[in-house]
Amino acid sequence: MHETTRDSPLVIPRSEHQISRANISENALKVLYRLKDGGYQAYLVGGGVRDILLGREPKDFDVATDATPEEVRRLFRNCRLIGRRFRLAHVHFGREIIEVATFRGGGRDEDTDGERHLRNGMIVRDNLYGTREEDALRRDFSVNALYYNIADFSVIDYAGGLDDLRAGRLRLIGKDPQTRYREDPVRMLRAVRFACKLGFNIDSSCEQPLFTLGHLLRDIPPARLFEEVLKLLQTGLGLCTFEKLRHYGLFAQLFPATDECLNHEDQDFPVTFVNRGLANTDRRIQEEKPVTPAFLFAVLLWEPVRRRFAALLADDRAANEAMLLASGNAASREQPLVAIPKRFALPMREIWAMQPRLEQHEGKRPYRLLTHPRFRAAYDFLLLRAEAGEVDSELADWWTRFQEANGRARAEMTGEATKGRRRRRRRSRPAAGNETAGT
Ligand code: ATP
Ligand code: MG
């Protein structure tokens with residue numbers, strides 16, 4: 001491994017690396033150049049540099065600078081400062097946002113210094129600006145701590161990131177991985193996410209703690225975990241990520257009720273519903289179809305809902321009421337762990353609520369369900385359940401045919417047609433019927 005010391009980062013000149021300005025978005029280049037022309041240091045950092053070096057297209061571009069957020073704002077009209085704990089500048093170009101962060105310090109000294117506070121080893125405040133080196137060393141993985149310098153197009157490597165990139169290895173910066181995970185337990189989730197996204201191995205010293213430190217995730221604000229879950233499971237590699245999270249016992253920290261269900265077979269069958277749901281979401285993302293957190297969380301929490309629902313039915317509750325109770329229970333138990341915003345939690349519960357209703361398809365009901373704003377999602381959900389062998393595939397087929405059918409065929413399917421015929425027949429033979437006799 002490459003030895004790096006505090007004073008001498010590895011500097012790779014322009015001629016010896018693969019990054020060219022053609023790989024960087026025009027807007028990111030504008031930001032970099034304007035900072036440089038304003039007399040500041042400016043670097044492309046993080047996932048942008050990593051992904052270009054791997055020959056991938058970066059998701060977004062992050063910039064690091066020695067300019068303070070206020071100085072950045074003075075340079076850009078289209079700039080907003082965000083964040084209270086650590087101020088960041090967002091430079092807006094239509095839909096693209098370039099995030100500009102001032103070098104952050106405090107990545108090295110673990111003891112508090114008045115500004116940087118630790119609670120149970122977790123950083124709760126780090127609002128100190130720092131040097132470029134400090135900024136590099138407080139980052140998570142070595143491959144995320146490479147700097148592309150717009151002043152001379154070199155790449156700067158303080159932490160052996162280039163070696164790790166070549167080796168396909170995820171390694172936390174610093175000597176003690178446990179400490180780094182304790183500072184910010186979300187790094188455990190990031191390890192899993194990058195392992196899947198990049199196809200990298202997690203260095204063994206960084207992998208071992210994943211099995212034992214998962215409980216630290218309970219200290220993370222539930223709203224942050226919601227965002228992380230989306231990055232983990234709704235960016236196209238959900239199935240891989242889910243399996244790895246389970247492997248390290250991290251899934252159990254995020255979704256304990258579901259994990260508990262998955263650990264027990266259902267009537268001697270392993271439960272594959274979540275796997276199928278995530279594979280389905282991955283496929284939709286690949287096909288550039290829309291996905292929604294409401295559906296994702298409906299999938300993730302379905303097992304406990306379904307089992308509770310079944311128990312309540314066995315207890316003689318009516319289906320709709322049983323579903324209401326089961327889903328309310330699952331949702332409220334999850335909120336303190338992973339906070340699902342209302343705008344997703346409500347449609348999630350509607351998807352569940354529609355499941356028993358989809359089983360009743362006589363008369364006028366199916367027409368009403370079809371116009372329900374959540375019908376499409378609920379139907380997709382039903383397809384998944386059928387695929388997992390949890391409901392009769394005939395039911396799912398029925399709904400598929402019903403949507404495709406014309407008015408007459410629909411009436412046949414719901415029994416409306418035969419009712420109508422019977423009524424007409426009765427009307428055309430008034431003398432024979434006893435209706436007339438009664439009037
Ligand atoms: P991607 O955007 O492709 O998911 P990324 O590496 O750019 O990956 P971001 O979440 O955009 O990830 O973060 C940008 C950079 O900020 C990271 O590359 C890393 O250097 C640093 N960083 C982000 N989160 C943490 C963290 N929890 N601890 C330490 N450094 C972090
Ligand atoms: Mg990024």
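Above: the structure in question.
So, a few notes on the structure that sits alongside this text.

It is worth spelling out the overall build of the protein chain at this point. What the protein chain contains, in helices and strands, is 23 helices and 12 strands. The buried share of the protein chain, taken over its 439 residues, is 48%. The long-range fraction of contacts in the protein chain, counting pairs at least 24 apart against all pairs at least 6 apart in sequence, stands at 68%. About 22100 Å² of surface is accessible on the protein chain, with carbon and sulfur atoms providing 47% of the total.

Turning our attention to the side chain of S142. Within the secondary structure, S142 is located in the loop between α4 (132-137) and β9 (146-149). Since its relative accessible area comes to 0%, S142 is described here as buried. Engagement of the side chain of S142 in a polar contact is seen with the side chain of D164, the distance being 2.5 Å. Ignoring any residue separated from it by four or fewer positions in sequence, one finds S142 in contact with A159, G160, G161, D164, R171 and I173.

This next bit is on the pattern of salt bridges. If you walk through the whole model with that rule in mind, you get 25 salt bridges. The salt bridge involving K36 is made with D37; its shortest N-O contact spans 4.0 Å. Taking the relative accessible area as the measure of exposure, K36 reaches 33% and is therefore partly exposed. Among the charged side chains, a network of salt bridges with common partners joins E303, R306, R307, R385 and E390.

The mixed open sheet is built from eight strands, whose spatial order is β1-β10-β9-β2-β3-β6-β5-β4. Because the sheet does not close on itself, it has two edges, and the strands there are β1 (10-12) and β4 (79-82). Averaged over all neighbouring strand pairs, the angle between strand axes comes to 30°, with direction disregarded. As defined by bridge partners, β1 adjoins strand β10 (residues 155-157) across three bridges and the pair is classed as antiparallel. Bridging across to β10, L10 finds its partner in D157. Set on the sheet, helix α1 (residues 26-37) makes contact with β2 (42-45), β3 (62-65), β5 (88-93) and β6 (96-102); between it and β6 the angle comes to about 35°.

One pass over the structure, following the stated rule, counts one disulfide. Note on cysteine connectivity: C196 is disulfide-linked to C240, with sulfurs 2.3 Å apart. Judged by the sign of its S-S torsion, about -85°, the cystine formed by C196 and C240 is left-handed. One end of the pair, C196, is in helix α7 (residues 186-198); the other, C240, is in helix α10 (residues 238-247), and 44 residues separate them in sequence. By relative accessible area, which is 10% here, C196 ends up buried.

Time to look at the site of ligand 1. In the vicinity of ligand 1, 17 residues are found, and the nearest of them are R50, D184, R187, R193 and K197. Interatomic distance of 3.2 Å between a backbone N/O atom of D140 and a nitrogen atom of ligand 1. Taking R187, its side chain carries an N or O atom lying 2.8 Å from a nitrogen atom of ligand 1. Here ligand 1 has 590 Å² of accessible area as a free molecule, and 85% of this is covered by the chains. When residues of the shell around ligand 1 are traced back to their parent elements, those giving at least two are α2 (47-53) and α7. Ranked by residue count, the leading element in the shell around ligand 1 is α7, at five residues.

What follows concerns the packing of aromatic side chains. Geometrically, a pair of aromatic rings is defined through the distance of the ring centres and the angle of the planes. What the rule picks out here adds up to 19 aromatic pairs. Centroid distance F273 to F381: 5.4 Å. Interplanar angle 65°. Geometry classified as edge-to-face. With a gap of 108 residues between them, F273 in helix α13 (residues 273-286) and F381 in helix α19 (residues 375-387) connect regions that are remote in the sequence. Residues F273 and F381 agree in their burial class; the two are buried. Judged by centre distance (5.8 Å) and plane angle (80°), the rings of F295 and F381 are edge-to-face. Placement of F295 in helix α14 (residues 293-300) and of F381 in helix α19 is noted, with a sequence separation of 86 residues between them.

Our focus in this paragraph is the packing of helix α9 (residues 222-233) against α14. Taken N-terminus to C-terminus, the directions of α9 and α14 make an angle of 90°; their axes are 12 Å apart at the nearest point. Relative to α14, α9 is oriented roughly perpendicular. Judged by residue contacts, F226, V229, L230 and L233 of α9 engage P293, L296, F297 and L300 from α14.

What follows covers empty space enclosed by the protein. One pass over the full model with this rule turns up one cavity of 30 Å³ or more. The space that makes up the largest cavity amounts to roughly 50 Å³. For the largest cavity, the full set of lining residues is L217, R218, I220, L225, Q253, L254, P336 and L337. Here the lining of the largest cavity is built from residues that sort into six nonpolar, one polar and one charged.

Here α1 spans 16 Å end to end across 12 residues, near enough to the 16 Å set by a 1.5 Å rise per residue. For α1, the full list of buried residues reads N27, A28, L29, V31, L32 and L35. Where the residues of α1 are buried, they touch β2, β3, α3 (69-75), β5 and β6.

Here we come to the pairing of β4. Taking every second residue as pointing to the same face, the buried face of β4 carries C79 and L81, while none of R80 and I82 on the other face is buried. Sheet analysis places β4 next to β5, joined by four bridges and oriented antiparallel. In the sheet register, L81 faces β5, and the bridge partner there is A89. Hairpin connection of β4 to β5: five residues between the antiparallel strands, including G83 at a positive phi of 85°.

Tracing the sequence through the fold places V49 in helix α2. Of the residues examined, V49 reaches a relative accessible area of 0% and is grouped as buried.

Cut-off values and rules
Residues numbered from 1 in each chain as written. Chains lettered and ligands numbered in written order. Predicted model: local features only at pLDDT ≥ 70, side-chain atom pairs only at ≥ 80, totals over all residues. Heavy atoms only, no water. Helix = DSSP H or I, 4+ residues; strand = E, 2+ residues; numbered from the N terminus. Buried < 20%, exposed > 50% of the residue type's maximum accessible area, 1.4 Å probe, protein only. Contact = heavy atoms within 4.5 Å. Areas by Shrake-Rupley, 256 points an atom, 1.4 Å probe, with all protein chains shown as cover. Polar contact = N/O pair within 3.5 Å; in protein donor to acceptor, adjacent residues only side chain to side chain. Salt bridge = Lys/Arg side-chain N within 4 Å of Asp/Glu carboxyl O. Pairing = 2+ DSSP bridges. Axes fitted to C-alpha atoms, helices over the stretch in contact; angles between N-to-C directions. Disulfide = S-S within 2.5 Å. Near = heavy atom within 4 Å. Phe/Tyr/Trp six-rings, centres within 6.5 Å; stacked < 30°, edge-to-face > 60°. Parallel < 35°, antiparallel > 145°, perpendicular 65-115°, else oblique. 1 Å grid on protein atoms, 1.4 Å probe; cavity = no way out; pocket = protein on both sides within 12 Å on 5 of 7 lines; lining within 4 Å. Points joined across faces, edges and corners; volume = space filled by probe spheres on them. Nonpolar A, V, L, I, M, F, W, Y, C, P; charged D, E, K, R; others polar. Expected span 1.5 Å × (residues − 1).

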